[in-house]
Amino acid sequence: MGMEFNKETFRKDFTFKNSAKAIKRFPFPFYEDSYMYSVNMEPHVPGPNGTVFEPMFDVDEHYVAEMHDRALVLAEDPLRCQSLPHMTLAGWDLLELIMESKARDYPEWFELHKDGHKWHWINRPLGIDQKFTFLDESTLPYGPMEYITRQSQGDFTLQDQRDDNLWIEAGMVTTQADWSLDFDIGMSFHEWHAPVPRAHELGVFDRALKFLLKLQHGAPVRRFNWTLTVDPLLDTSPENYPKWGPMRTDIRPENVGERMYLRVELQTLHRLPRSNAIAFPIRCYLIRFDDLVTIPKWGRRLHRVLRDIPDDLATYKGFLRNRDSLVKWLSRYDDGAPTSAGWMPD
Ligand code: HEM
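Residues numbered from 1 in each chain as written. Predicted model: local features only at pLDDT ≥ 70, side-chain atom pairs only at ≥ 80, totals over all residues.

## So, the overall build of the protein chain
From N to C terminus, the protein chain includes 13 helices and 10 strands. Computed over the C-alpha atoms, the radius of gyration of the protein chain is 20 Å, within 12% of the 20 Å expected from 2.2 N^0.38 for a compact globule of 346 residues. By the burial criterion, 32% of the 346 residues in the protein chain qualify as buried. When contacts within the protein chain are restricted to residue pairs at least 6 apart in sequence, those whose partners lie at least 24 apart make up 70%. (Helix = DSSP H or I, 4+ residues; strand = E, 2+ residues; numbered from the N terminus. Rg over C-alpha atoms; globule rule 2.2 N^0.38 Å. Buried ≥ 20, exposed ≤ 12 C-beta atoms within 10 Å, placed from the backbone. Contact = placed C-beta atoms within 7 Å.)

Dropping the structure here:
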């Protein structure tokens, strides 16, 4: 499985670009022509072939550039990565899960050799060759969670489970849709979800928490979340709001296709074996509207979803001010034809 990794940026000149292959395998999140919050979780099982669901942790053409962007964020703001002292074991669990998964799913790029607790990790795309002792922090350049998540696309949080609740107590968060690890760390499931409209009243969070408390090791689940972003900026954090907030005022009818991006998060949840914590990888995929409408079903469907989404959801997701322009632009790609069920292209 040879692949060229893109040389591209997610800031300043924004040279990020999806290849034709990346567009085709984009995880379009809408199963139908409308959207409302729900407990949308399903088993995270491999396949179908060629989709982002094939491996446990998808590695794509943006891998090397995304890891470079993460390093830039961390150099400016080390608090994007935090782990409370009791979460180190969960960090080792996560490191093991990611290393084993990548070595199994991409043997040409990643290798993991074990001799008892003496481990040898090779990451060819990033040029890393590391021998270390599993569970001995002094043998790695960073703590275990930071070490492995500097080599893994997407954000990661680790939740401790106690008192019939989940507590967000570690994370690597540099590509988030406007929430802050530094603000949320130490909160419980309902506390960190407090700003979300409607979902509390719909009982979504009560049911989701009940389900997660029983999550079993070896049976991960997944769900989608989505929002919209102006330009392919990974780091839309509250910490950097002064940089990206004003970009939303730049949207005009003539630049919608080029500058608006659908931002999809493929979120997975994994029970960890030693710590009993839950790992929550949040993998972000970006697609420019101009590229999205090359798949006719997606163009039609996105038009209908954005046209009909309630104002409080559009406000929370941050695109209410531009919604009319976006819907008008997308309406050119909606001929009114019915769309087939599910998110796969027709
Ligand atoms: C245990 C792992 C999870 C973590 C760490 C997590 C974290 C978050 C955070 C930080 C936010 C943003 C809140 C804000 O505005 O400040 C959020 C939003 C949200 N979460 Fe979760 N979440 C988790 C699991 C779930 C699950 C299992 C569901 C299933 C129903 C869910 C549903 C949602 C929804 C619907 C939103 C609003 C998203 C939007 O409209 O953009 N979360 N979550």
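## Some points on the sheet that holds strand β4 (residues 118-123)
Strand pairing within a sheet occurs via backbone hydrogen bonds; the two strands may be parallel or antiparallel. An order of β3-β4-β5 is seen for the three strands of this open sheet, with the pairing classed as antiparallel. In the strand order of this sheet, the two ends are held by β3 (110-115) and β5 (128-133), each with one partner. Strand-to-strand twist in this sheet, taken as the mean axis angle between neighbours without regard to direction, amounts to 10°. In this sheet, β4 lies alongside β3 in antiparallel orientation, the contact comprising six bridges. Of the residues in β4, the one forming a bridge with D115 is K118. Sheet strands touched by helix α3 (residues 88-105): β3 and β4. Its angle to β3, the strand with the most contacts, is close to 120°. (Pairing = 2+ DSSP bridges. Axes fitted to C-alpha atoms, helices over the stretch in contact; angles between N-to-C directions.)

## Focus on helix α11 (residues 296-308)
Its 13 residues place the ends of α11 19 Å apart at the C-alpha level, agreeing with the 18 Å of an ideal helix rising 1.5 Å per residue. Among the residues making up α11, those that are buried are W298, R300, R301, L302, H303, R304 and L306. Buried residues in α11 make contact with β9 (260-271), α10 (289-292) and α13 (323-331). (Expected span 1.5 Å × (residues − 1).)

## Thoughts on unusual backbone geometry
The omega angle of the peptide bond from G47 to P48 is -5°, so this bond is cis rather than trans. Within the chain, D163 stands out as a residue other than glycine whose phi angle is a positive 50°. Summarising the element assignment, D163 is placed in the loop between β6 (155-162) and β7 (165-172). A count of 8 C-beta atoms within 10 Å places D163 in the exposed class.

## Observations concerning the site of the ligand
The environment of the ligand is formed by 23 residues, the closest being W179, P195, V196, A208 and F280. Secondary structure elements with two or more residues in the shell around the ligand: β6, β7, α7 (204-213), β8 (221-230), β10 (278-288) and α12 (311-317). Here the residues of the shell around the ligand are counted per class, giving 15 nonpolar, five polar and three charged. (Near = placed C-beta within 6 Å. Nonpolar A, V, L, I, M, F, W, Y, C, P; charged D, E, K, R; others polar.)

## Comments concerning the sheet that holds β8
On the basis of which strands lie adjacent, the open sheet formed by seven strands has the order β1-β8-β9-β10-β6-β7-β2 and antiparallel pairing. A strand with exactly one partner marks an edge of an open sheet, and here the two such strands are β1 (42-43) and β2 (81-83). As paired elements, β6 and β7 share seven bridges and run antiparallel to each other. Pairing of R162 across the sheet is with N165, part of β7.

## Some thoughts on the environment of T249
Turning to its location among the elements, T249 is positioned in the loop between α8 (241-244) and α9 (256-259). For T249 and F30, which are 219 residues apart along the polypeptide, the C-alpha to C-alpha distance reads 26 Å.

## A closer look at the pairing of β8
Taken together, the two bridges between β1 and β8 define a ladder with antiparallel strand orientation. Bridging from a neighbouring strand, E42 pairs with R222 of β8. Where β8 and β9 come together, 10 bridges link them in antiparallel fashion. Bridge pairing links N225 to E265 in β9.

## Regarding the nonpolar core
Of all hydrophobic cores here, the largest spans 29 residues; its most connected members are L262, Y285, I287 and L292. Of all the elements, β9 adds the most residues to this core, at five residues. Residue contacts for L262: discarding those within four places in its chain leaves W226, L228, I287, L292 and L302. If you look at the next biggest cluster of nonpolar residues, it comprises 28 residues, including C81, F156, A170 and L272. (Core = buried A, V, L, I, M, F, W, Y, C linked by C-beta atoms within 7 Å.)

## Considering the environment of E239
Here E239 lies in the loop between β8 and α8. Sequence spacing of E239 and A103 is 136 residues, and the spatial spacing of their C-alpha atoms is 35 Å. Excluding residues that lie within four positions of it along the chain, E239 makes contacts with D77 and S180.

## Re the packing of α11 against α13
Packed helices, taken two at a time, are described by their axes: the angle between them and the distance between them. Relative to each other, α11 and α13 sit at 150°, their axes nearing to 9 Å. One finds that α11 runs roughly antiparallel with respect to α13. Between α11 and α13 the crossing geometry is left-handed. The residues of α13 that touch α11, namely those facing G299, L302, H303, L306 and R307, are R323, L326, V327, L330 and S331. In terms of residue class, the contact of α11 with α13 is made up of five nonpolar, three polar and two charged. (Parallel < 35°, antiparallel > 145°, perpendicular 65-115°, else oblique. Left-handed = near helix turned anticlockwise from the far one by under 90°.)

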